[in-house]
Protein chains: 2
Amino acid sequence: MKRIRIGILGYGNLGRGVELAIGQHDDMELAGIFTRRDPSTVAAHTKDVPVRPASELDQGADDIDVLILCGGSATDLPEQTPRYAARYTVVDSFDTHANIPEHFAIVNKAAQDAGTIAVISCGWDPGMFSLNRLYGTCVLPEGTDYTFWGRGVSQGHSDAIRRIEGVADAKQYTIPVEAALEAVRSGSNPELTTRQKHLRECWVVLDEGADADAVEEQIITMPNYFADYDTTVHFISQEELDRDHAAMPHGGFVLRSGETGDGNPALIEYSLKLGSNPGFTGNVLVAFARAAHRLAQEGQAGARTVFDIAPAYLSPYGGEYLREHLL
Amino acid sequence: MKRIRIGILGYGNLGRGVELAIGQHDDMELAGIFTRRDPSTVAAHTKDVPVRPASELDQGADDIDVLILCGGSATDLPEQTPRYAARYTVVDSFDTHANIPEHFAIVNKAAQDAGTIAVISCGWDPGMFSLNRLYGTCVLPEGTDYTFWGRGVSQGHSDAIRRIEGVADAKQYTIPVEAALEAVRSGSNPELTTRQKHLRECWVVLDEGADADAVEEQIITMPNYFADYDTTVHFISQEELDRDHAAMPHGGFVLRSGETGDGNPALIEYSLKLGSNPGFTGNVLVAFARAAHRLAQEGQAGARTVFDIAPAYLSPYGGEYLREHLL
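Values in this document were obtained by computation on a predicted structure and should not be read as measured data. (Residues numbered from 1 in each chain as written. Chains lettered and ligands numbered in written order. Predicted model: local features only at pLDDT ≥ 70, side-chain atom pairs only at ≥ 80, totals over all residues. Heavy atoms only, no water.)

## Some thoughts on the sheet that holds strand β13 (residues 265-274) of chain B
Inference 1: Pairing is antiparallel in the open sheet, where 6 strands are placed in the order β7(A)-β12(A)-β13(A)-β13(B)-β12(B)-β7(B). The sheet terminates laterally at β7 (143-149) of chain A together with β7 (143-149) of chain B, the two strands that pair on one side only. Ignoring which end each strand starts from, the neighbouring axes of this sheet average 5° apart.
Inference 2: Sheet analysis places strand β12 (residues 250-259) of chain B next to β13 of chain B, joined by 10 bridges and oriented antiparallel. When the bridges of β13 of chain B are listed, L255 of chain B appears paired with E269 of chain B. (Pairing = 2+ DSSP bridges. Helix = DSSP H or I, 4+ residues; strand = E, 2+ residues; numbered from the N terminus. Axes fitted to C-alpha atoms, helices over the stretch in contact; angles between N-to-C directions.)

See below:
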């Protein structure tokens, strides 16, 4: 069997998650980690995997079947995904929901022009959660959607706290409100405010001499990030933060509550409980990399999302095996 | 908009579920209910829907885009699905897991020969549960699958009780064992016996003068159906059975517990809580009927399962809408 050769661009938490996920698949191999840093300063976790300069990709790296783009959605992916789609089958985890339509359009043009496949917005949200929202609305058209996130670390909210003067370090957990979840599960189809759905819990390390009360006030009143939530702030030492809050757990719930055509209630619930957010996102990206490779081999071209890909494309097994063992 | 014209063959609980599900979709209409009974003896729930003789289908009913086959898996569908695939786009809910590969092969040949699309084994298990087993194994290749059913009425087990001499009527509930579910959710990847996973609860109406002890003994020792389970038997009157056990609730859980590539735990849980088993199966069949129609319009031919169909095909909305609202 000829294995699918994967390249990774960007070697942060997500790049590492992808690297390690590839090790779970016999039909794949990691051809290289591409970095904009000096490759000699980057050590891959997997031995014998070359760390290569990102510039190599512009010359055309012939030994790559699929390039998984592991940069951020704010500035990296809007530039990288169309750029590399012009040359490679690519997969990204672009997750700025509001900008997905624009990102799709730009990437789609690049991929169609080049005759490549580009799968965008893979991961768990967008990604597995999106799939469940779609299937849910299709099989229960008369119903209401609910998505809850957490308990998990929000990178964006942690960053927002760290930008406050007097804050040395911080981690923020998003926590779904159990009573809201139970109300949804009861079938009452509640209308829930932002505050009713999630709590925000902050663990903050202060700079020496900083004013705790002032920092707390700035956090809990911060527009968009915290003002609309019940937020708790805990001050701890850097040692405590490093010891107790180094992990990146996450997860959440997608629910669809409605009625079947015969007027009976139906509740669909999908949940993820993840020890590692980048680890799981990496696992999802790799499964969709297999699908992307197959679509490319079929001669298809253009941008795709998880909605456009038949589930069987994700599996290393053939249809006969899947029907016998999983249907 | 030209609506998708659906025909229903077979008008039991499932046929009625499909009929009522169609009413939830603006892009569909019910062209007719086809029955092997005398149509004059069958009243459709939806007014103005003609009840037509099944024999019409053999002459070619030109006003049908998709025929949803609502017969049973034991004898109806093995004959009907290939037969009608020779003339129509068809969807069935064939659910005898062990015979799916054979059913697929026979239907696939008929559909390929005729240039039609036949989607088989749609519903919730097989169907939505299968999808979750597949996605789960693909994104968590190192993990363990668990499927639990219930709490819900099992038609097959209820029938098995009713065949016992001295039994006038019966309903059997399959119930997942909470402790087993919790063990799976804990991430311990337990090996569970049949007995550890499900309980069986029987509500039985005796014929006058029947021996309760003898009936109970026959139930709890019945091979395959009950012998491997902890089974409880309750004797009640026909009035009580009709009053308290007329509904057909069902549901269950699909879990995938494993590790992401980085060695962190991950748990995926999908669950359904359904007021009406045939109602929800009908809703799923109708969503896949839309997909079947689209595949047929694209000129595709052959048998398909839920694994082979990109999720977007199930939705009445276009890709742009789905990316903006559900991704």
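## Details of the packing of helix α3 (residues 76-85) of chain B against helix α4 (residues 100-114) of chain B
Residue and element names in this part refer to chain B.
Inference 1: Packing of α3 against α4 leaves a shortest axis separation of 8 Å and a crossing angle of 15°. As judged from the angle between their axes, α3 and α4 are roughly parallel. Here the hand of the crossing between α3 and α4 comes out right-handed. Contacts between α3 and α4 involve L77, P78, T81, P82 and A85 on the former and, on the latter, H103, I106, V107, A110, A111 and A114. (Parallel < 35°, antiparallel > 145°, perpendicular 65-115°, else oblique. Left-handed = near helix turned anticlockwise from the far one by under 90°. Contact = heavy atoms within 4.5 Å.)

## A short note on the interface of chain A and chain B
Inference 1: In this complex, chain A contributes 62 residues to the contact, which on the side of chain B involves 62 residues.
Inference 2: Contact between chain A and chain B buries roughly 5400 Å² in total, counting both sides, with carbon and sulfur atoms accounting for 67%.
Inference 3: Where chain A meets chain B, there are 0 salt bridges.
Inference 4: Counting every contact that joins chain A to chain B gives 25 residue pairs in polar contact (both at pLDDT 80 or more).
Inference 5: Elements that contribute at least two residues to the side of chain A that touches chain B include exactly α1 (13-22), α4 (100-114), α5 (128-139), β13 (265-274), α11 (277-297) and α12 (319-325) of chain A.
Inference 6: Split by residue class, the side of chain A that touches chain B holds 34 nonpolar, 17 polar and 11 charged.
Inference 7: Bridging between β13 of chain A and β13 of chain B involves 9 bridges; their strand directions are antiparallel. Paired with L267 of chain A across the bridge in β13 of chain B is K273 of chain B. (Buried area = accessible area lost by both parts, 1.4 Å probe. Salt bridge = Lys/Arg side-chain N within 4 Å of Asp/Glu carboxyl O. Polar contact = N/O pair within 3.5 Å; in protein donor to acceptor, adjacent residues only side chain to side chain. Nonpolar A, V, L, I, M, F, W, Y, C, P; charged D, E, K, R; others polar.)

## Here we look at the side chain of T147 of chain A
Residues and elements named next belong to chain A.
Inference 1: You can see T147 is positioned in strand β7.
Inference 2: Note on T147: relative accessible area 8%, which makes it buried.
Inference 3: Setting aside residues up to four positions removed in sequence, T147 forms contacts with D125, F129, R133, K197, H198, F253 and V254. (Buried < 20%, exposed > 50% of the residue type's maximum accessible area, 1.4 Å probe, protein only.)

## Examining the UniProt feature "domain: Meso-diaminopimelate D-dehydrogenase C-terminal" (unreviewed entry) in chain A
Inference 1: Residues given the UniProt feature "domain: Meso-diaminopimelate D-dehydrogenase C-terminal" (unreviewed entry) here are residues 123-276 of chain A.
Inference 2: Regarding residues 123-276 of chain A, the helix share stands at 31% and the strand share at 35%, and the terminal C-alpha atoms are separated by 12 Å. (UniProt positions renumbered as here; feature names shortened; annotations may be inferred.)

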